[in-house]
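Chain residues, written in single-letter form:
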Amino acid sequence: MEHVAISALLRRFEPLGSFPDIPFDEMVTAGRLARWKKGHTVLEQGLPRIGAIFVLSGVLSNTGWRKTDEIDFVFPIYPRDSFQLDAWLDTPSNHTTMAVSDVEALVIPVTAYKELLVRFPQLQRALWAASTRNVDLVLSVFAQYVSNSSEERLFAFLRRYMEAFNSPDGETWPWHISQGVLASFLGTSRPHLSTIISRMRTDGILEMTRRKMRVPPGSPVHAPSAQGG
């Protein structure tokens, strides 16, 4: 992927695109393009960080939340998501991060990241906003995780997934997650998840294969306030 293409993708990251003076080209120059195969461990809890990470394609999973270990909360990371934005702290990684699918990401190594923040104070503000957004998003997903039924969690999960990936027709999406991994994201068993998905297929509101997901027009999955059941 070329420098210009990566810079253009970074402009779509929330909330970076709302800051008019972000040095996107400098960020790309300071970073490196990383490619991780499905199943690769990107970060391990307690080990050194590799730097700030900006996901360009694919899906990652984050586990090892200090305050939620007792319920094994797993958080998905999608394209246009960034994380490890506090890598300048020189502290070990708080999470274990794995590639759920093949992934491409811009990684700005710790030393280069520190230098970038010193050179561009305006970048500090943007990344602080991005970090705050990340915390709010994790808390929101965690609230759904602990409060909702398996069906409701699946609906909420699919809506966020659909927002992260492009659909050619507003009805089909590329699907990058195995049913076993999806069950871990939802905090349920694979057989129970299979039953839910089979019922949704019978009801005509969801079709899912190993590579594609279809959510027909009128499906309640499209509705922000949709509830499973």
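Please refer to the structure higher up on the page.
Residues numbered from 1 in each chain as written. Predicted model: local features only at pLDDT ≥ 70, side-chain atom pairs only at ≥ 80, totals over all residues. Heavy atoms only, no water.

## Here's the deal with the sheet that holds strand 9 (residues 172-174)
Then, number 1: What the three strands build is an open sheet, ordered 9-11-10; its pairing is antiparallel. One side of each edge strand has no neighbouring strand; the edge strands of this open sheet are strand 9 and strand 10 (207-208).
Then, number 2: Both strand 10 and strand 11 (residues 212-214) contribute to a ladder of two bridges, which runs antiparallel. Among the inter-strand pairings, E207 is bridged to a residue of strand 11, identified as R214. (Pairing = 2+ DSSP bridges. Helix = DSSP H or I, 4+ residues; strand = E, 2+ residues; numbered from the N terminus.)

## Looking at the nonpolar core
Then, number 1: Core analysis: the largest hydrophobic core is formed by 29 residues, its most contacted members being L154, F157, L158, W175, I177, L182 and M213.
Then, number 2: With seven residues, helix 5 (residues 150-164) is the largest single contributor of residues to this core.
Then, number 3: For W175, the residues in contact, after removing those within four places along its chain, are F157, L158, Y161, L182, M208, T209, R210, R211, K212 and M213. (Core = buried A, V, L, I, M, F, W, Y, C linked by side-chain atoms within 4.5 Å. Buried < 20%, exposed > 50% of the residue type's maximum accessible area, 1.4 Å probe, protein only. Contact = heavy atoms within 4.5 Å.)

## Things to note about the side chain of T96
Then, number 1: Examined against the element boundaries, T96 turns out to sit in strand 7 (residues 96-99).
Then, number 2: For T96, the side chain forms a polar contact with the main-chain nitrogen of Q45, separated by 3.1 Å.
Then, number 3: Discounting residues that sit within four places of it in the chain, T96 has contacts with T41, L43, E44, Q45, S61, N62 and T63. (Polar contact = N/O pair within 3.5 Å; in protein donor to acceptor, adjacent residues only side chain to side chain.)

## Topic: unusual backbone geometry
Then, number 1: Of note, the bond from E14 into P15 is cis; its omega dihedral lies within 30 degrees of zero at -10°.
Then, number 2: Among the structural elements, P15 can be located in the loop between helix 1 (3-10) and helix 2 (24-30).
Then, number 3: Phi is positive for R80, close to 75°, though the residue is something other than glycine.
Then, number 4: Unusually for a residue other than glycine, Q84 sits at a positive phi of about 60°.
Then, number 5: With respect to the helices and strands, Q84 occurs in the loop between strand 6 (82-83) and strand 7.
Then, number 6: Q84 gets classed as buried once you look at its relative accessible area, which sits at 8%.

## Some details on the pattern of salt bridges
Then, number 1: Tallying each qualifying case throughout the model produces eleven salt bridges.
Then, number 2: A salt bridge links R35 to E104; the nearest nitrogen and oxygen atoms lie 2.7 Å apart. Separated by 69 residues along the polypeptide, R35 in strand 1 (residues 32-36) and E104 in strand 8 (residues 103-108) bring together distant segments of the chain.
Then, number 3: Among the residues examined, R35 registers a relative accessible area of 54% and is labelled exposed. (Salt bridge = Lys/Arg side-chain N within 4 Å of Asp/Glu carboxyl O.)

## Thoughts on the pairing of strand 3 (residues 52-57)
Then, number 1: The buried count for strand 3 comes to five of six residues, which makes it a mostly enclosed element.
Then, number 2: Bridging between strand 3 and strand 8 involves five bridges; their strand directions are antiparallel. Paired with V55 across the strands is A105, a residue of strand 8.
Then, number 3: Note: strand 3 against strand 6, two bridges, orientation antiparallel. The partner of F54 across the bridge, within strand 6, is S82.

## Some points on the sheet that holds strand 3
Then, number 1: In space, the four strands of this open sheet follow the order 1-8-3-6, with antiparallel pairing throughout. The sheet is open, and its two edges are formed by strand 1 and strand 6, each paired on a single side.
Then, number 2: Contacts from helix 1 reach strand 1, strand 3 and strand 8 within the one sheet, and its direction differs from that of strand 3 by about 100°. (Axes fitted to C-alpha atoms, helices over the stretch in contact; angles between N-to-C directions.)

## Re the packing of aromatic side chains
Then, number 1: Summed over all chains, the structure comprises ten aromatic pairs.
Then, number 2: Relative to Y145, the ring of F73 has its centre 5.1 Å away and its plane inclined at 70°; by these criteria the two rings are edge-to-face. Highlighted residues: F73 in the loop between strand 4 (60-63) and strand 5 (75-77) and Y145 in helix 4 (residues 121-147), separated in sequence by 72 residues.
Then, number 3: You can call F73 buried: its relative accessible area is 3%.
Then, number 4: You can call Y145 buried: its relative accessible area is 12%.
Then, number 5: Each ring, one from Y78 and one from Y161, has its centre 5.6 Å from the other, and the planes form 90°; the classification is edge-to-face. (Phe/Tyr/Trp six-rings, centres within 6.5 Å; stacked < 30°, edge-to-face > 60°.)

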